[in-house]
Amino acid sequence: MSGNEILARRFEEHRPQLRAVAYRMLGSLSEAEDAVQETWLKLDRSDIGAVQNLGAWLTTVTGRVCLDLLRSRTARREDPLHGQDGQEGLVRLPDPVVAAFGAADPEQEVLTADSVGIALMVVLDELAPAERLAFVLHDLFSVPFDEIAPILGRTSAATRQLASRARRRVQGAAPAQDADLTLRREVVEAFLGAARGGDLDALLALLDPDVVARSDGGALRPGLLRRGAADVASQAIAFARFAQDGRPVLVNGAPGVLSLADGKPLSLMAFTIRGGRITALDILTDPDRLARLGLGALLGD
């Protein structure tokens with residue numbers, strides 16, 4: 001076996017973790033793949049004879065690639081990420097990782113480990129690029145601050161402060177969900193039943209009073225950001241009339257629902273549940289992005 005073949009095999013061993021790093025950094029599955037491919041190209045062009053820990057080296061290279069992409073993205077972004085409450089605006093949800101219940105997919109499990117739900121990914125998207133890098137690499141992948149600091153061109157102490165600031169925002173906006181997957185699925189099923197039946201009181205009992213609902217309809221169908229149980233419940237009842245069928249799925253490892261109309265995906269809903277109540281509802285209705293998710297296997301196509 002040639003040296004290049006050995007190097008390629010070693011890289012493939014680390015690919016799942018590198019994809020996980022890039023996904024948390026970018027919130028885009030396609031961009032994450034591009035970042036991992038760029039990491040391979042950098043590896044192929046580098047002399048790694050003195051590298052003692054290839055996994056750590058690849059992780060920091062992937063982090064640097066993602067940081068550059070984030071900074072470029074931030075420089076291009078002119079519109080606010082979210083519209084005003086209850087008004088149309090640019091609501092951009094991260095790419096979801098969708099799987100059927102009971103399906104064992106080690107690659108997907110790596111991507112969505114550490115409770116990286118859609119709500120957390122939304123918060124990560126709102127961090128400054130340097131904050132996101134410091135938090136993701138240190139808090140989610142245990143990279144020492146001394147190794148992150150050179151990527152950012154900052155001191156280790158300054159990098160620690162960035163991660164701390166990001167951690168406070170994450171804990172405040174995306175606290176950990178209930179651990180019991182079965183109970184969370186029961187809450188989701190109860191929500192669907194109440195929405196289809198037009199039972200406003202049942203929906204209000206399932207929704208946290210301060211629930212947040214985000215809907216991403218794509219560039220041609222601006223999304224909505226809504227807050228409060230009454231508003232979200234009324235919208236859920238209205239939307240349920242359009243969906244002819246709803247199938248339970250896992251969205252980033254958590255119970256979700258794929259809604260269909262005429263046998264085609266209409267929406268993908270991800271739920272954040274704490275204390276037995278829904279605290280966040282993230283809905284992807286962008287037809288182009290739904291088509292790119294490759295949901296045919298879940299529909300039996």
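Residues numbered from 1 in each chain as written. Predicted model: local features only at pLDDT ≥ 70, side-chain atom pairs only at ≥ 80, totals over all residues. Heavy atoms only, no water.

A short note on the overall build of the protein chain
- A count of helical and extended segments in the protein chain gives 13 helices and eight strands.
- Within the protein chain, residue pairs in contact and separated by at least 24 positions form 64% of the contacts whose partners lie at least 6 positions apart.
- Accessible area for the protein chain stands at about 14600 Å²; split by element, carbon and sulfur atoms hold 49% of it. (Helix = DSSP H or I, 4+ residues; strand = E, 2+ residues; numbered from the N terminus. Contact = heavy atoms within 4.5 Å. Areas by Shrake-Rupley, 256 points an atom, 1.4 Å probe, with all protein chains shown as cover.)

Overview of the pattern of salt bridges
- All chains considered together, the criterion is met by 15 salt bridges.
- Arg185 is the salt-bridge partner of Glu189, the closest N and O atoms lying 3.4 Å from each other. Here the residue Glu189 and the residue Arg185 both occupy positions in helix α9 (residues 181-196), the gap between them amounting to four residues, near one helical turn.
- One salt bridge connects Arg289 with Asp216, and the closest N-O pair in it is separated by 2.7 Å. Highlighted residues: Arg289 in helix α12 (residues 287-292) and Asp216 in strand β3 (residues 207-216), separated in sequence by 73 residues. (Salt bridge = Lys/Arg side-chain N within 4 Å of Asp/Glu carboxyl O.)

Some words on the packing of helix α7 (residues 145-152) against helix α8 (residues 156-173)
- Where α7 contacts α8, the axes come no closer than 8 Å and their chain directions differ by 95°. Relative to α8, the element α7 lies roughly perpendicular. Along the contact surface, α7 presents Phe145, Asp146, Ile148, Ala149 and Leu152, while α8 presents Ser156, Thr159, Arg160, Leu162 and Ala163.
- Along the lines of polarity and charge, the residues of the contact of α7 with α8 split into six nonpolar, two polar and two charged. (Axes fitted to C-alpha atoms, helices over the stretch in contact; angles between N-to-C directions. Parallel < 35°, antiparallel > 145°, perpendicular 65-115°, else oblique. Nonpolar A, V, L, I, M, F, W, Y, C, P; charged D, E, K, R; others polar.)

Focus: the pairing of β3
- When you tally the buried positions in β3, you get seven out of ten residues, the bulk of the element.
- As defined by bridge partners, β3 adjoins strand β8 (residues 277-284) across six bridges and the pair is classed as parallel. Looking at the pairing, Arg214 lines up with Asp282 of β8.
- By the bridge criterion, four bridges tie β3 to strand β4 (residues 223-227) in an arrangement that is antiparallel. In the sheet register, Arg214 faces β4, and the bridge partner there is Leu225. (Buried < 20%, exposed > 50% of the residue type's maximum accessible area, 1.4 Å probe, protein only. Pairing = 2+ DSSP bridges.)

Looking at the confidence of the model for the protein chain
- Mean pLDDT over the protein chain stands at 87; residues scoring 70 or higher make up 89%.
- Model confidence for the protein chain, summarised as mean pLDDT per element, is weakest for strand β1 (residues 88-89) at 48 and strongest for helix α6 (residues 129-140) at 97.
- Contacts for the low-pLDDT stretch residues 78-88, under 50 throughout, to residues beyond four places or in other chains number 29 contacts. (pLDDT = per-residue confidence, 0-100.)

So, the packing of aromatic side chains
- Applying the stated rule across the entire model yields two aromatic pairs.
- Relative to Trp40, the ring of Phe11 lies with its centre 5.3 Å away and its plane at 55°, an arrangement referred to as tilted. Taken together, the residues span a long stretch of sequence, with Phe11 in helix α1 (residues 3-26) and Trp40 in helix α2 (residues 29-44) at a distance of 29 residues.
- Judged by relative accessible area, Phe11 falls into the buried class, the value being 1%. (Phe/Tyr/Trp six-rings, centres within 6.5 Å; stacked < 30°, edge-to-face > 60°.)

Looking at the nonpolar core
- Of all hydrophobic cores here, the largest spans 48 residues; its most connected members are Met25, Leu43, Leu124 and Leu133.
- Contributing elements (two or more residues each) for this core: α1, α2, α3 (54-76), α5 (118-125), α6, α7 and α8.
- The residues contacting Leu43, other than those within four sequence positions of it, are Leu7, Phe11, Ile48, Leu54, Trp57 and Leu58.
- Membership of the second largest hydrophobic core comes to 24 residues, among which are Val187, Leu192, Ala194 and Val257. (Core = buried A, V, L, I, M, F, W, Y, C linked by side-chain atoms within 4.5 Å.)

Focus on α9
- An ideal rise of 1.5 Å per residue puts 22 Å on 16 residues; α9 measures up with 23 Å between its terminal C-alpha atoms.
- Three or more residues of α9 are buried, namely Arg184, Val187, Val188, Phe191, Leu192, Ala194 and Ala195.
- Those residues of α9 that are buried lie in contact with α10 (200-206), β3, α11 (229-240), β6 (254-261), β7 (264-274) and β8.
- Measuring from the backbone nitrogen of Thr182 back to the side-chain oxygen at the start of α9 gives 3.0 Å, which picks out Asp180 as the cap.
- Backbone geometry just downstream of α9 places Gly198 in the positive-phi region, at approximately 65°. (Expected span 1.5 Å × (residues − 1). Polar contact = N/O pair within 3.5 Å; in protein donor to acceptor, adjacent residues only side chain to side chain.)

Structural notes on the side chain of Asp286
- Along the polypeptide, Asp286 turns up in the loop between β8 and α12.
- Within the buried set, Asp286 has no salt-bridge partner at all; the shortest N-O distance to an opposite charge, 4.8 Å, is to Arg289. (Lys, Arg positive; Asp, Glu negative; His and termini not counted.)

Topic: unusual backbone geometry
- A positive phi angle, near 55°, is found at Asn252, a position not held by glycine.
- In this structure, Asn252 sits in the loop between β5 (245-251) and β6.
- A positive phi angle, near 55°, is found at Asp262, a position not held by glycine.
- Topologically, Asp262 is positioned in the loop between β6 and β7.

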